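# Architecture and fold: a report
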Amino acid sequence: MKHNKKFSFVALLLAIVLLSPYATKAKEYKDCITDGSANDINKHYVMAYRYSDDKSGKVTLTVANGTFRVLKVEEGIYNQENDVKTNFQAYPSVLNVKTPLNEIEGKELTSKKPLSFYVNDYAGEDGRTIRVTIELKKKDGKCLSREDYEELPANQKENSTPYTGYIYVELLNYTATSPKNVDNTNYNKGPCYVLRTGDNSSKSISDEYFAMYRAEGTEYYKKVAGYCYSPSVQYNYTDSQVKSMVNTALHSYYILNLASYQQPVSQDFEKAFNASVANAKKQYEVKGNKTIRVDETLSCDYKKIKSFKDELTEYQYVNKTSFYAKEVTTSSVTYKYNYEGGFTQTEEVKNVCTRTCEEALDVEYGPPQATIAGFCIEYQVKVTSRVKCKSEVNVQPPTPKEICQPVPYCIHSNGFENTQGGPNDEYDACIKSCDGGKYTQKCSKSCYNKVYGQTGKKGVANTASAIIGRLANTSGKGYTRSPEGVISWQGGGYAQWYWDHEYERTLRDDRGAFGFDSNGFKRKYAGTKNECNGICSHIGCSNYTYLNEETVASDYAENIQRYNTAIQQCQAAATCTSKTGVFKISAEYENGKGKQVLEFPLSTKKEALKSLTGEGQVQNGLNQHTTILDYNGCYKDTNENNWYMTEWSFPGIWINNKTGEISFKEITDLGWHNIKNKFCLPLDSKNVNVNWYNWYIAQKTLSQEQKDKSGSYKGDDYSSICTNYNNLDKFDDSFAPDVYNIKAQTYDKLDDETGFGYFGWKINIQCFYALSDGSDRKTSSPDKCETPPSGYTIRTVVNDDLFPSDKKDGDSTVTDVDKSATGRVQGFNWSAAAEITADKNEYYANNPELIIGKIQANGNKIYNGKDHLDYEFYLTPSDLKKIKNNKGNYTDWLGKVTKDNYDQESKVYVYKSPLFRGNTTSSNSIADSAKKLGVLGCNNYETCKNKKN
Amino acid sequence: MKKKEKEKTLPNKTAVVILVASLMCALVCVGVIKILNWNSGYKIDSRVERMKEYQVKHDDLDVSGWLMVEGTNIDYPILKNGDEIRYNDGNIQYLWENGNMDRVNRMNYVMGHNIMNLSSNPLVADPSHVRFEQLLSFAHYDFVKENKYVQFTVGDKDYLFKIFAVTFPDASEASSLNGDLYKDEDVKETIEKSLKESVFDFDVDVNEKDNLITLSTCTRMFGNNARNFQVIARQVRDGESTINYKVTKNDKYKEIEEKMKEADVTNEA
C-alpha cells in the first residue's frame, strides 16, 4: 500500500511535470515593479497627450494603465538629457491654458477616461511646455499608489512617496497651416478697398484710372491684384506698390477689353482726315516710315489762277496736294527677376502691344502772280496735318511667380534605403550589370558582398521622397541662398516641408527626442544614441527660383510697373512731335546786277515752330515781320496733340513814300511805310515768264464774250491769244513758266530734326511770278482786243541835288552862269527866269530858286509827315474808273474860267476840277478819295490871295 | 507461502500497471494536447521576454516590438527609426517601425529590408535569407495556403494576426506612421484598398473594428522602385480560432504568375 501510494505520488508528479509547460505561473506584486529595462514604467503607464485635429487647442491626456489624479498644471521649459527631461523651470506667472485650473487639477485620469483641456495657440520658439503632474491614485500592483501609501504605517510613510508621473504638453502654433500670415494693412483702405467695392469717394484712385473701373472685371482684378482681396497675407506691399498694382489692374482690363484703342476724334476731324487720305491716294501714297522725306518738289499749276472778283479779299489757295503716311510700332517689356543669392534673370516679352499712327497732310499754296516792276505780289503757303493713332494690347499682365520649396535631403552615414526596405542605387546598378536587372541569387550574393561587404556596414544615400504636406507648426519663412547657390533655412525652428509620415523627417516630437539644427534640419538630441549626423542640404530649387514670398512680391510689383509703362507708351495718344518745323520762303528777280535771291526770313534768325512745348516758339520770337502768318494744333497747344497747321508768306517790305524805293529790311524812318506779307519787285527788275504773263493778262482783260469766241481773229501772237481764249486748258507748254522764282519749304536740313508735323515732313514748293513791262508785246491789236497802256517813262530826282551835274567838278566847260544852286543849268520853269516877282503879280508870287534851295536843304525829309504834301489821293479801282470815264468839265487851255469866286484881275486863271472838288455824291467825283487838296489858285503857299473873300 | 508470494507479486504488478498507466496517461495527455494544439491552430510563442533581453543587450537601440511570421524565419526585433542605427557588430538583423509603437494600435506598420530576394520569382523560405527576405514567400500560392499568421509583440504582450491580403502596392505610397492616429474610417479605407489590390482571396472576414498590421518590404518584380510588397493581417478576435483557413488565387494573381515565369529559371542560389 505504501509503495502504491509512493508510486502514485511519483506518477502524479511525473504527470504534473510533463504537463507543467501548460501550467500558469503565479504572479507576485511589489512597489513599482520593474524588470530593470529602460522606460519600463513609462511603457507600462504610457502617459501621453495629443492635440485634436480641429485646431481648437484641445489637448487630451491619456494613460494606458492605472488610475491617476492630476496634481498640478504648470508652464515652463525643461532640459533634455537623453530621454530624460530634467530641470524643469516653471514660469509661475504664465499659463497658456484656457481651461480653468479647477477643471483639471484634482481630476481623475484613467485608460478609459482620458482628460482634456484647452491651451492657447503659442507661436513662440522657446520650447514652452505645460507640465501636468499626475499621481497614481489607486492600487494597481505596479507602483505605490496613494491608496497604498495611506495604508502604510507612519514610519514607512516617511520614506515613501506615491508614484507621480509627468506629462509634458508642448505648446504649439496649432492654428498655422502655412507660414504665419499677417493682417493685410491695405485691405480696408486705399486703392484695394476701391478695387473691391467700386467706391472711390476717398479718391484713392485718380479719376483717370477710376474711369476705367468695371465691376465685371472683378475676377480679372483678383488675378492681377489678388493681394487686395486677402485680409490675411504673407507679405504687405508698400503704398506705391499697391497703387501701381491696382492701376495696372484697372488699366489693363480696360484695354484688353477694347478691340483696339483709338484716341477719340470729332466727326469733322474724321471727315477731314478721310478726305485728305482719299486725296493723297489719288496723288501720292507713302508707306509709313519714321523718316518722311518728300524728294520731289511740288510745283504750282500755271493754269490755276485766281478768281478775278474785285471784292475778293481772302487769299486764294488754288493748289492742294495731299500726302499720307502710316507707321506701325510694337513695344516690348523686359521683366526682371532677382532671386535670392544675387541670381538674376530677365525675360523679354515682345509685341506687348501694337501702335499704328497715320498722318494725312494737306499742302495748300497760291497761284502764280503777274506783276510789273515796282509793284508787289503776295504768296502764301498753308500746311495742315491730322494724326490718328490706335493701339491694341496683345499680352496680358504678368502674374506672381510661385516660390520653390526646398526639400530637406540628408545623406546618412549608414543604413539601407529605409523608406521602402530595398537596396541602394549602387546595388541596383551592380545587379544591372551582372544579370541585366533580374536579381538572380548568384548576382544578388555577389553584389551584396561587393556593395555592403560582409558586415553590411556600408552606407548609402537616403532620399527624401514625395512631400506629403506642410506642417502645422512651422515657424515662418526664411530661406536664403548664398552666392554659391547653397540654400539655408534662417527662419528659426524646423525648416519647412518636412515629410509628414516618417519619424526622422517629421516634426513630431512626442518624446522630446528630436530637435533642429541651425539650418532647420531635424536632428535627434545629442547623446549616445541615434544621432542624425548625416550631411543634409536643401535641394529641389535651382538658383533661378524664388524661395520667399517677400522676394516674389517685390519683383512682381516692379514687373507690374514695367508692364504698365509699356502699355502706357503704346496706348498714348498721338503726342506732339519733337521735331521742329522751319518755314522759309524765297523770291528771286534779275536786274542789271544779275540774279538776286532773297530768302526769308532775311536775317540769320531761324523762324521755326517747336511743337513739343505746345507753344509756337519761334526762335527769337515771332514779330510783326515774321514769315509765319498763323499756326495751330501742336504748335500752339500740346493738348491739341493730333493736328498741326502753319501758314506762312513773305514778311513784307518797306517802301519809300516818295520814291517808291524798296527795302527788304526794316527801316524805321517816317518817310517809309511797311507793306505786310508782300514782296515788291524793284523798279529795275527785268521781265520774266513773259509768255505766261501775256496769257494771264489775256485771261484778265478779255470779256467773257470774247473768251467764248473762237477763231475770229488772225494775225500776230497776241491776237492768237484772243482767238484761243476759250481753249485755255489746251494751251501748250509754251505758256509754262521759264523760271520758278518763288519757293517755300518746311525744313532746315535733310535730317530728322526739322520737318513739319508728326512725321516731320520735308515739303518743297515752287511757284512763280511773271513780270513784264509790255515791251515785248505787239503794239498792233485787233479792235476787239484791248491793249494795255505803254510808252511812259518814269524818272526820279534826288531831293538834295535836284539838278546834278553831268560834268565832273573842275570841268571848265560849265560856266558860273550855268551854275546856280544846282550842279547844272536847270530848265526854264526852275530857273530864275521864271520868277514871278510881287510887282508882277502879288497874287501869285513864285521864286523857283528859292524853292530849289528849300527842297535841297530838306532833302528827303520833305516827305516826312505831311507838311509839304499838297495833294494826296487814295485811289481805289472805282476811282480809277471815274477818272477814266471823266470826259470833260474843265475849260480848254485859253481859259474859259470856271465859275466861282476868283478875281480875274490878277490875271491868274484858276481851273477847278469837279472831279477832285465836285459834289461827293456825284458819280463823277472822287473827292472822297482826296486826303488833301492843295489851296486852290496857289502854288506852294499856305494862303492865297486869289481866293476872293 | 504462495499467499505471501502472491501478496508480494500483487503489489509489484499493480505498481507497474499504475506506473505504465500514468506514463501512458501522461503521454496520451501530451499527445492529445499536442494534437489539440495542432487542431487548434497557431499558438503564440511569446517573445515578451526575448524582447526585453534584447533591449538590455542592445541598449543603444530603441526596441519597440517583435515580429514573427508563420512559415518563415522572420523572428526579429522591431526597432524605432531604423535609419540611424549604429551597428555594433554589423550582423544585427532587424525590422523597424515609424512612430509610436508602444502598444497595439488601430493600424500598425512594420518595415523590413529585402536585398537578396528581389527577383520576379522569389525564393521560398530560403534559409540564407534574413530580415524580410523570406516575406516574399507569400508571393507563392502554395506557401500562402499553409501559412496565415503573424505574431506581433508590443507593450509586453503578444498579439496574433490573421493574414487577409497580399498586395503589390505602388512604391510611391509612403510607409505609414504608427500611433493612435487612426479611426474606424481610416481602417475601413485601408481594408477596402487591401482587399481590392490583394492577389489572393482569403476566407477571413475583416471590418473597421479590427486592428490591422501591415508588413512592408521591397521587390523589384515590376522594376526598380515601382512596387512594394505587403502582407496585411487583422488581429485575431477574442475567442476566435487560429486554425488554418482557405485561400484562393484571384484574377490579379495572373500577372504575378506571368512575372514569375519571366524570371530567370536558372535562379540558382
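Residues numbered from 1 in each chain as written. Chains lettered and ligands numbered in written order. Predicted model: local features only at pLDDT ≥ 70, side-chain atom pairs only at ≥ 80, totals over all residues. Heavy atoms only, no water.

### Points about the overall build of chain B
Helix and strand content of chain B: five helices and 11 strands. Looking at chain B as a whole, 55% of its 269 residues are labelled buried. Residue pairs at least 24 apart in sequence account for 67% of intrachain contacts in chain B once pairs closer than 6 positions are excluded. For chain B, the accessible area works out to roughly 12200 Å², and carbon and sulfur atoms hold 53% of it. (Helix = DSSP H or I, 4+ residues; strand = E, 2+ residues; numbered from the N terminus. Buried < 20%, exposed > 50% of the residue type's maximum accessible area, 1.4 Å probe, protein only. Contact = heavy atoms within 4.5 Å. Areas by Shrake-Rupley, 256 points an atom, 1.4 Å probe, with all protein chains shown as cover.)

### So, a nonpolar patch on the surface
Together, V16, V20, M24 and V28 of chain B make up an exposed nonpolar region whose accessible area comes to about 340 Å². Structurally, V28 of chain B can be placed in helix α1 (residues 2–39). (Patch = residues over 30% accessible without salt bridge, like charges linked within 9 Å, V, L, I, M, F, W, Y side chains within 5 Å. Salt bridge = Lys/Arg side-chain N within 4 Å of Asp/Glu carboxyl O.)

### Quick notes on the pairing of strand β6 (residues 157–167) of chain B
Along any regular strand the residues' side chains alternate between the sheet's two faces. Residue and element names in this part refer to chain B. Counting buried positions along β6 gives 10 out of 11 residues, so the element sits mostly inside the fold. The pairing of strand β5 (residues 149–154) with β6 spans six bridges and is classified as antiparallel. Within β6, the residue paired with V150 across the bridge is F161. Between β5 and the antiparallel strand that follows it, β6, lie two residues; G155 among them carries a positive phi value of about 60°. Looking at chain direction, β6 and strand β10 (residues 228–235) are connected through six bridges and run antiparallel. The residue of β10 that forms the bridge with A165 is I232. (Pairing = 2+ DSSP bridges.)

### Focus: the sheet that holds strand β2 (residues 58–62) of chain A
All names here are of chain A. Taken together, three strands build an open sheet; the order of strands is β1-β2-β6 and the sheet is antiparallel. The two strands at the open ends of the sheet, each matched to only one other strand, are β1 (48–51) and β6 (115–118). Ignoring strand direction, the axes of neighbouring strands in this sheet form an average angle of 25°. Relative to β2, β1 runs antiparallel, the two sharing four bridges. (Axes fitted to C-alpha atoms, helices over the stretch in contact; angles between N-to-C directions.)

### With respect to the confidence of the model for chain B
Low-pLDDT stretches of the model should not have their predicted coordinates read in fine detail. All names here are of chain B. Of all residues in chain B, 80% have pLDDT values of 70 or greater, and the mean over the chain is 82. Looking across chain B, the model is least confident in strand β7 (residues 177–178), with a mean pLDDT of 58, and most confident in strand β8 (residues 200–202), with 97. Every residue in residues 82–90 is under pLDDT 50, and counting partners more than four places away or in other chains gives 35 contacts. Model confidence for the complex: the whole-complex pTM is 0.45, and ipTM, which rates the interface, is 0.79. (pLDDT = per-residue confidence, 0-100.)

### Examining the state of the cysteines
Note on terminology: disulfide describes a covalent bond linking the sulfur atoms of two cysteines. Residue and element names in this part refer to chain A. Throughout the structure, instances matching the rule amount to six disulfides over all chains. Between the sulfur atoms of C300 and its disulfide partner C767 the distance amounts to 2.0 Å. Measuring the twist about the S-S bond at about 90°, one finds the C300-C767 disulfide to be right-handed. A residue pair is termed long-range when its members are at least 10 positions apart, and C300 in the loop between β12 (298–299) and β13 (319–338) and C767 in strand β35 (residues 764–767) qualify at 467 residues. The class for C300 is buried, based on a relative accessible area of 3%. Disulfide partner of C376: C680, at an S-S distance of 1.7 Å. What sets the handedness of the C376 and C680 disulfide is the S-S torsion sign, and at about 95° it is right-handed. (Disulfide = S-S within 2.5 Å.)

### Here we look at the pairing of strand β9 (residues 212–218) of chain B
Residues and elements named next belong to chain B. When you tally the buried positions in β9, you get seven out of seven residues, the bulk of the element. The alternating pattern of β9 places L212, T214, S216 and C218 on one face and I213, L215 and T217 on the opposite face, and all of these are buried. With seven bridges connecting them, β9 and β10 associate as antiparallel partners. Bridge assignment links C218 to a residue of β10, and that residue is N228.

### A short note on the packing of aromatic side chains
Residue and element names in this part refer to chain A. Considering all chains together, one arrives at 42 aromatic pairs over all chains under this definition. Relative to F679, the ring of F650 lies with its centre 5.4 Å away and its plane at 35°, an arrangement referred to as tilted. One end of the pair, F650, is in the loop between β29 (643–649) and β30 (652–656); the other, F679, is in strand β33 (residues 678–680), with 29 residues separating them in the sequence. We note that F650, like F679, is buried. Members of the aromatic cluster, each reached through a chain of ring pairs, are F210, Y213, Y220, Y221 and Y253. Sitting over the face of the ring of Y187, R196 holds its NZ or CZ atom 3.7 Å from the ring centroid. Between the NZ or CZ atom of K401 and the centre of the ring of Y337, over which it lies, the distance is 4.1 Å. (Phe/Tyr/Trp six-rings, centres within 6.5 Å; stacked < 30°, edge-to-face > 60°. Lys NZ or Arg CZ within 6 Å of the ring centre and 35° of its normal.)

### What about the environment of N449 of chain A?
Along the polypeptide, N449 of chain A turns up in helix α11 (residues 441–452). Considering only alpha carbons, one finds N449 of chain A and Y427 of chain A, 22 residues apart in sequence, at a separation of 9.7 Å.

### Considering the side chain of E588 of chain A
Residue and element names in this part refer to chain A. Mapped onto the elements of the fold, E588 is located in strand β25 (residues 584–591). Take E588: its relative accessible area is 12%, and that puts it in the buried class. Aside from chain neighbours lying at most four places away, what touches E588 is K595, Q596, V597, V739, Y740, N741 and Y769.

### Focus on the packing of helix α10 (residues 425–435) of chain A against α11 of chain A
Residues and elements named next belong to chain A. Where α10 meets α11, the axes come as close as 9 Å, and the angle between the chain directions of the two elements is 140°. Put simply, α10 runs oblique to α11. Regarding α10 and α11, the two cross each other, and that crossing is right-handed. Between α10 and α11, the residues in contact are E426, Y427, C430, I431, C434 and D435 and C443, S444, S446, C447, Y448, K450, V451 and Y452, respectively. Partitioning the contact of α10 with α11 into residue classes produces nine nonpolar, two polar and three charged. (Parallel < 35°, antiparallel > 145°, perpendicular 65-115°, else oblique. Left-handed = near helix turned anticlockwise from the far one by under 90°. Nonpolar A, V, L, I, M, F, W, Y, C, P; charged D, E, K, R; others polar.)

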